[in-house]
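Fold and geometry: a report
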Amino acid sequence: MDENAPPDGDTTTAPRVLAICAMLLLIALIAFSLRLYTRLRPIYKLLVEDYMIALAVAIEITVFSLMAAACSSGLGRHDFFVNSKDKEKALHYSFGYYVIGLWTASLARISVACMLLRLKSSMAWQIPMWSAIVLQVAVVFGSNVCQFIQCHPLRAMWDMVPDAKCWSPRQMQIYGYLFAGTGIVCDFAFALLPMTFIWTLHRPMLERVLMAFLMALGLFAGGVAVVKVYYMHTFDLTSVDCLRSLINVALWSRIEELVLITAACGPYLKSPAERMLHKWGVPIFKGTWLDMTTIHTRHDDTKHDGSHQLRVTDNNTRGAEGSTASQERALHSWSHSEDCRNNGREVIQVVSV
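The following refers to the structure shown.

Rules used throughout
Residues numbered from 1 in each chain as written. Predicted model: local features only at pLDDT ≥ 70, side-chain atom pairs only at ≥ 80, totals over all residues. Heavy atoms only, no water. Disulfide = S-S within 2.5 Å. Helix = DSSP H or I, 4+ residues; strand = E, 2+ residues; numbered from the N terminus. Buried < 20%, exposed > 50% of the residue type's maximum accessible area, 1.4 Å probe, protein only. Contact = heavy atoms within 4.5 Å. Expected span 1.5 Å × (residues − 1). Bend = angle between axes of the 7 residues up to and from the residue. Polar contact = N/O pair within 3.5 Å; in protein donor to acceptor, adjacent residues only side chain to side chain. 1 Å grid on protein atoms, 1.4 Å probe; cavity = no way out; pocket = protein on both sides within 12 Å on 5 of 7 lines; lining within 4 Å. Points joined across faces, edges and corners; volume = space filled by probe spheres on them. Nonpolar A, V, L, I, M, F, W, Y, C, P; charged D, E, K, R; others polar. Phe/Tyr/Trp six-rings, centres within 6.5 Å; stacked < 30°, edge-to-face > 60°.

With respect to the state of the cysteines
What we call a disulfide is simply a covalent bond connecting the sulfur atoms of a pair of cysteines. In total, this model carries one disulfide according to the counting rule given. With a sulfur-sulfur separation of 2.0 Å, Cys151 is cross-linked through a disulfide to Cys166. Between Cys151 and Cys166 the disulfide shows an S-S torsion of about 120 degrees. By sign, it is right-handed. Of this pair, Cys151 sits in strand S1 (residues 151-152) while Cys166 is found in strand S2 (residues 165-166), placing the two residues 15 residues apart along the sequence. Judged by its relative accessible area of 38%, Cys166 is partly exposed. Summary of cysteine pairing: Cys21 is not part of a disulfide, and the nearest cysteine sulfur, belonging to Cys71, is at 8.2 Å. Exposure remark for Cys21: the relative accessible area of 1% places this residue in the buried category.

Quick notes on the environment of Phe95
When you line up the elements, Phe95 lands in helix H3 (residues 84-117). The sequence separation of Phe95 and Gln147 amounts to 52 residues, and the corresponding C-alpha distance is 8.6 Å. When sequence neighbours within four positions are dropped, the list of residues in contact with Phe95 reads Gln147, Phe148, Gln150, Leu154, Met157 and Trp158.

With respect to H3
End to end, H3 covers 50 Å across 34 residues, agreeing with the expected 50 Å (1.5 Å per residue, within 8%). The sharpest bend along H3 reaches about 25 degrees and sits at Ile100. For H3, the N-terminal cap is Asn83; the gap from its side-chain oxygen to the backbone nitrogen of Lys85 is 3.2 Å.

Quick word on unusual backbone geometry
Glycine aside, residues mostly have negative phi, and peptide bonds are mostly found in the trans state. Look at the link from His152 to Pro153: it is a cis peptide, with omega at 0 degrees. Secondary-structure assignment places Pro153 in the loop between S1 and S2. The backbone phi angle of Asp163 is positive, close to 65 degrees, even though this residue is not glycine. Mapping Asp163 onto the fold places it in the loop between S1 and S2.

A short note on the layout of surface pockets
As a volume, the second largest pocket reaches approximately 530 Å³. In terms of lining, the second largest pocket is formed by 23 residues, of which the most central are Leu91, Ala156, Asp159, Met160 and Leu237. Among the secondary structure elements, those contributing two or more residues to the lining of the second largest pocket are H3 and helix H5 (169-192). The element contributing the most residues to the lining of the second largest pocket is H3, with five residues. Classifying every residue of the lining of the second largest pocket gives 14 nonpolar, three polar and six charged.

Concerning the packing of aromatic side chains
The full count for this structure, using the stated rule, is seven aromatic pairs. Ring plane angle 85 degrees and centroid distance 5.6 Å describe the contact between Phe95 and Phe148, whose orientation is recorded as edge-to-face. Residue Phe95 is located in helix H3, and its partner Phe148 is located in helix H4 (residues 123-149); the two are separated by 53 residues in the primary sequence. Phe95 sits in the buried class, given a relative accessible area of 12%. Ring geometry for Tyr231 against Trp252: centres 6.3 Å apart, planes inclined by 15 degrees, an arrangement best described as stacked.

Let's talk about helix H1 (residues 14-40)
For an α-helix, the turn length of 3.6 residues means that residues three or four places apart are oriented alike. For H1, built from 27 residues, the straight-helix expectation of 39 Å at 1.5 Å per residue is met to within 8% by its first-to-last C-alpha distance of 38 Å. Buried within H1 we find Ala14, Val17, Leu18, Cys21, Leu24, Leu25, Ala28, Ala31, Phe32, Arg35, Thr38 and Arg39.

Here it is in structure tokens:
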């Protein structure tokens with residue numbers, strides 16, 4: 001046996017990596033399907049954030065396919081046992097999924113930002129959300145530009161080209177750090193900012209805990225991105241065993257993207273989560289909803305019968321409670337049955353006091 005051969009022989013980590021990614025992809029697809037269900041029933045209410053996450057899911061499926069093709073060509077194996085033609089194919093596929101994979105993460109974050117935009121109308125809330133959207137678009141475009149100009153000719157990214165000029169490994173890492181850094185900041189901000197008012201909502205404690213948990217799923221994506229940065233720092237495309245080390249970066253990049261998709265769908269899973277908890281014996285969160293003929297009013301009309309409070313909700317609520325009410329309506333729009341009007345009738349909720 002060649003003394004330069006790796007001691008563990010011709011082994012590969014690709015099956016384990018693909019199994020992990022396939023499992024997370026399945027979870028993300030289930031979360032996305034449930035989100036679509038809540039947005040299409042009982043009425044059709046797809047908005048721009050729903051189309052953004054749908055596009056992210058479509059791109060991620062393509063990314064996973066390209067990664068599987070790269071693994072079949074040698075990604076995850078030791079370079080020593082991979083012939084030059086297969087290595088070229090593996091690196092070519094890897095370049096493809098890295099270019100479009102950035103869009104999965106950015107579109108998922110943009111989807112969350114668009115959702116958060118609807119929670120408050122104040123400039124102090126709107127400006128940071130719009131800034132985050134613009135930042136994500138700018139960073140992903142900038143990263144793609146860097147990917148296409150870092151080697152001349154571009155083919156040198158996956159093939160041995162004489163006299164090719166490429167950036168140094170450190171220069172290649174800079175735009176990766178920038179993309180990951182802005183993503184981490186956005187992930188933590190999107191997860192933590194809603195906590196500032198979720199706890200002020202006039203909802204049961206258990207329901208607020210559930211909403212906070214679903215909103216905080218983005219923290220997991222931020223944590224995964226930190227791990228990904230570590231593997232980016234240790235990776236060197238010019239190393240003698242790049243296929244073996246590249247798959248680690250690929251794994252954590254896919255985990256980040258799939259967790260982001262799941263986290264972006266999390267807030268819309270409130271109603272399915274409520275029904276599941278109810279089947280397990282947890283009291284349902286909602287009050288009793290009754291229908292009545294349309295009532296025109298400028299303010300909430302409140303009547304007391306000693307044990308219950310009758311609240312008429314409409315779109316003309318004003319005053320200090322108006323802001324909280326609008327936030328509650330925006331939060332409940334994630335559920336499939338809230339914020340509905342049918343046949344000129346308004347909804348009245350009986351809330352225990």
